[in-house]
Amino acid sequence: MTTPKTLAVLISGRGSNLAALIAAVEDGRLPARIVLVLADRDCAGLEHALNAGIPVQLIDRKLPDFGARLTAALPPVDFIVLAGFLSIIPPALIRRFPQKIINLHPSLLPKFGGPGMYGLRVHAAVLAAGETESGCSVHWVDEGVDTGAVIAQARVPVQAGDSPESLAARVQAEEHELLIRTLGRLLDGPPIAVL
Ligand code: GRF
């Protein structure tokens, strides 16, 4: 029997993507083990990890040596998943895990990414720009903000009368599946082509 690959999941918020990952591991869709859930603030998402018996760690983002603590806290894992993690990843951590850190972003990158583009702000910007479609992206994490190579995307239509909230809900439903599908391909082995 092969040993399942290991994941660390980093969160800052409600953790619906973390919950989707936990469910996919538990029902066998994702051949992996989540060995750590790490949060940079006290957040609702930690409950999902605690309920699933996954070790959790909280490192306050306001600590002056936050980046060093974060880098030191992560055990050797096959992949690190940023699932709604709002702190910047320090360069030392990126160097420690080359091509192993992925992020999920609620837009069709490179559109609507970068500093300040998170949560409902992303969807409000999509609507203000008059886009007819939006979506979500899984990308490699590099030293920029949302600038790493895109691995996979899913698209959703923007509908007449959409609010940032209604668009967010449509995108988020796709995010969960995109994240699980993409991780499944990454865990499967050989490097995959980027878009
Ligand atoms: C998602 O929209 C993701 O794209 C972004 O942060 C949000 C996290 O949502 N990076 P949740 O905490 O997983 O519910």
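First, a word on what this report is: a plain description of the structure on this page. (Residues numbered from 1 in each chain as written. Predicted model: local features only at pLDDT ≥ 70, side-chain atom pairs only at ≥ 80, totals over all residues. Heavy atoms only, no water.)

To continue, consider the overall build of the chain. Across its full length, the chain carries six helices and seven strands. Along the chain direction, N to C, the helices and strands of the chain fall in the order β-α-β-α-β-α-β-α-β-α-β-β-α. Expected size for 195 residues packed as a compact globule is a radius of gyration near 16 Å; at 16 Å, the chain falls within 12% of this value. The contacts of the chain with a sequence gap of at least 6 include a subset with a gap of at least 24, amounting to 63%. Averaging the coordinates of the 17 positive side-chain charges in the chain and doing the same for the 19 negative ones gives two points 4 Å apart. (Helix = DSSP H or I, 4+ residues; strand = E, 2+ residues; numbered from the N terminus. Rg over C-alpha atoms; globule rule 2.2 N^0.38 Å. Contact = heavy atoms within 4.5 Å. Lys, Arg positive; Asp, Glu negative; His and termini not counted. Charge placed at Lys NZ, Arg CZ, Asp CG, Glu CD.)

Geometrically, a packed helix pair is captured by the angle between its two axes and the distance between the axes. Where helix H5 (residues 120-128) contacts helix H6 (residues 164-187), the two axes come as close as 9 Å, and the packing angle between them is 110°. Classified by the angle between their axes, H5 and H6 sit roughly perpendicular to one another. Taken together, the residues of H6 that come into contact with H5 (itself represented by Leu120, His123, Ala124, Val126 and Leu127) are Pro164, Glu165, Leu167, Ala168 and Val171. Residues that form the contact of H5 with H6 fall into these classes: eight nonpolar, one polar and one charged. (Axes fitted to C-alpha atoms, helices over the stretch in contact; angles between N-to-C directions. Parallel < 35°, antiparallel > 145°, perpendicular 65-115°, else oblique. Nonpolar A, V, L, I, M, F, W, Y, C, P; charged D, E, K, R; others polar.)

Bringing the packing of helix H1 (residues 16-26) against H6 into the picture now. Following both chains from N to C, one finds H1 and H6 inclined at 45°, their axes separated by 10 Å at the closest point. If you check the angle between H1 and H6, you find them oblique. The two elements H1 and H6 cross, and the hand of that crossing is right-handed. For the pair H1 and H6, contact is made by Ser16, Asn17, Ala20, Leu21 and Ala24 and by Gln172, Glu175, His176, Leu179, Ile180 and Leu183, respectively. Class assignment of the residues belonging to the contact of H1 with H6 gives a composition of six nonpolar, four polar and one charged. (Left-handed = near helix turned anticlockwise from the far one by under 90°.)

Glancing now at the pattern of salt bridges. Counted according to the given criterion, the structure contains seven salt bridges. The closest approach of N and O atoms between glutamate 131 and lysine 111, which form a salt bridge, is 2.9 Å. Placement of the pair is glutamate 131 in the loop between H5 and strand S6 (133-140) and lysine 111 in the loop between strand S5 (101-105) and H5, with a sequence separation of 20 residues. Notably, a salt bridge pairs aspartate 162 with arginine 170, separated by 2.8 Å at the nearest N-O pair. Look at aspartate 162 and you get buried, because its relative accessible area is 15%. When salt bridges with common partners are traced through the structure, they connect Asp27, Arg29 and Glu177 into a single cluster. (Salt bridge = Lys/Arg side-chain N within 4 Å of Asp/Glu carboxyl O. Buried < 20%, exposed > 50% of the residue type's maximum accessible area, 1.4 Å probe, protein only.)

Spatially, the seven strands line up as an open sheet ordered S3-S2-S1-S4-S5-S6-S7, and their pairing is mixed. Each end of this open sheet is capped by a strand with a single partner; those strands are strand S3 (56-58) and strand S7 (150-157). Neighbour-to-neighbour, the strand axes of this sheet turn through a mean angle of 20°, independent of strand direction. Of the pairings in the sheet, the one linking S5 to S6 comprises four bridges and is antiparallel in character. Across the sheet, isoleucine 102 pairs through a bridge with tryptophan 140, a residue of S6. (Pairing = 2+ DSSP bridges.)

This part takes up the site of the ligand. Neighbouring the ligand are Arg14, Gly15, Ser16, Asn17, Gly84, Leu104, His105, Pro106, Gln172 and Glu175. Here a nitrogen atom of the ligand sits 2.8 Å away from a polar atom, N or O, in the main chain of leucine 104. Between glutamine 172 and the ligand, the recorded distance is 3.1 Å, taken from a side-chain N or O atom to an oxygen atom. Coverage of the ligand by the protein amounts to 82% of the 370 Å² it exposes when considered alone. In terms of residue class, the shell around the ligand is built from two nonpolar, six polar and two charged. (Near = heavy atom within 4 Å. Polar contact = N/O pair within 3.5 Å; in protein donor to acceptor, adjacent residues only side chain to side chain. Areas by Shrake-Rupley, 256 points an atom, 1.4 Å probe, with all protein chains shown as cover.)

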